[in-house]
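Close look at the chain arrangement
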Amino acid sequence: MAFSEELDELLAKVDGALVCSVMGFDGIAIESRKAEVREGVAPPAGPSEEELATLFIEYGMIFGRLKEAAQALQLGGIEEVSISSERLTIVARFLTSEFFLVLAFVPSANFGKARYLMKLAVPNLRAELQ
């Protein structure tokens, strides 16, 4: 399954999802997908697509520093990071030493389901990266 198909599947299965991306720790997105607005359903309130892209770039650099700190402290590899605010929740799953999967969704979305579906997507995305 290609990146876009995997990301679209995540977006479709997590109500309130906004954007999903595979990114490098340098902040450059390999693939990014925006949730489609379903007919008869109001789009979830949240930051604009441009704001999310900027946020993902900034967070990518922070995630890179977290990864380096964990290595320096011999804690092992980081698997997941989540950040929740009043208007947005972001979950990142680390795929390789260079790339991570990130999903942004409204705080009312099912956090556990998002984490679970992201964990299931990791093997397919890792295979695509090789």
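The sections below set out a description of the structure shown in this document. On a predicted model such as this, the values are computed, not experimentally measured, just so you know.

This paragraph deals with the overall build of the protein. Scanning the protein from terminus to terminus reveals three helices and five strands. Its helices and strands taken in sequence order, the protein reads α-β-β-α-β-β-β-α from the N to the C terminus. Taking 14 Å as the expected radius of gyration for a compact globule of 130 residues, we find that the protein reaches 14 Å, a close match to that expectation. Its C-alpha atoms give the protein principal-axis dimensions of about 50 × 35 × 25 Å. Counting the 130 residues in the protein, one finds 38% classified as buried. The long-range fraction of contacts in the protein, counting pairs at least 24 apart against all pairs at least 6 apart in sequence, stands at 59%. Within the structure as shown, the protein displays about 7500 Å² of accessible surface, and the carbon and sulfur contribution to it stands at 51%. Taken together, the 12 basic and 19 acidic charged side chains of the protein have centroids lying 6 Å from each other.

This part covers the nonpolar core. When a protein is soluble and globular, its nonpolar side chains tend to lie buried together. Phe63, Phe100, Leu101 and Leu103 are the most contacted members of the largest nonpolar core, which has 38 residues in total. If you list the elements that add at least two residues to this core, you get helix 1 (3-13), strand 1 (17-24), helix 2 (49-72), strand 4 (89-94), strand 5 (99-105) and helix 3 (111-129). Apart from residues no more than four positions distant in its own chain, Phe63 is found in contact with Phe25, Val81, Ile83, Ala92, Phe94 and Phe100.

Between helix 1 and helix 3, the shortest axis-to-axis distance is 10 Å and the interhelical angle comes to 175°. Taken together, the axes of helix 1 and helix 3 lie roughly antiparallel to each other. Each of Phe3, Glu6, Leu10 and Lys13 in helix 1 lies in contact with helix 3, whose residues at this interface are Lys113, Leu117, Met118, Ala121, Asn124, Leu125, Glu128 and Leu129.

Structurally, Ser21 is set in strand 1. In this structure the side chain of Ser21 is engaged in a polar contact, spanning 2.6 Å, whose partner is the side chain of Ser32. For Ser21, the residues in contact, after removing those within four places along its chain, are Leu7, Glu31, Ser32, Phe56, Phe100, Leu101 and Val102.

Before going further, it helps to examine the pattern of salt bridges. Here the structure, examined in full by the defined rule, presents five salt bridges. The salt bridge partner of Lys13 is Glu9, with a shortest N-O separation of 3.0 Å. With Lys13 and Glu9 both in helix 1 and four residues apart, this pair spans about one turn of that helix. Here Lys13 falls in the partly exposed class, since its relative accessible area comes to 39%. Through salt bridges with shared partners, one network takes in Glu79, Glu80, Arg93 and Arg115.

In the sheet, strand 3 (residues 80-84) pairs with strand 4 via five bridges, with the strands oriented antiparallel. Following the sheet pairing, Ile83 is matched in strand 4 by Ile90. Counting the residues that bridge the hairpin from strand 3 to strand 4 gives four residues.

Right, let's talk about the environment of Asn124 for a bit. Mapped onto the fold, Asn124 is located in helix 3. Note: C-alpha distance between Asn124 and Ser82 (42 residues apart in sequence) is 21 Å.

What counts, and at which threshold
- Residues numbered from 1 in each chain as written.
- Predicted model: local features only at pLDDT ≥ 70, side-chain atom pairs only at ≥ 80, totals over all residues.
- Heavy atoms only, no water.
- Helix = DSSP H or I, 4+ residues; strand = E, 2+ residues; numbered from the N terminus.
- Rg over C-alpha atoms; globule rule 2.2 N^0.38 Å.
- Buried < 20%, exposed > 50% of the residue type's maximum accessible area, 1.4 Å probe, protein only.
- Contact = heavy atoms within 4.5 Å.
- Areas by Shrake-Rupley, 256 points an atom, 1.4 Å probe, with all protein chains shown as cover.
- Lys, Arg positive; Asp, Glu negative; His and termini not counted.
- Charge placed at Lys NZ, Arg CZ, Asp CG, Glu CD.
- Core = buried A, V, L, I, M, F, W, Y, C linked by side-chain atoms within 4.5 Å.
- Axes fitted to C-alpha atoms, helices over the stretch in contact; angles between N-to-C directions.
- Parallel < 35°, antiparallel > 145°, perpendicular 65-115°, else oblique.
- Polar contact = N/O pair within 3.5 Å; in protein donor to acceptor, adjacent residues only side chain to side chain.
- Salt bridge = Lys/Arg side-chain N within 4 Å of Asp/Glu carboxyl O.
- Pairing = 2+ DSSP bridges.

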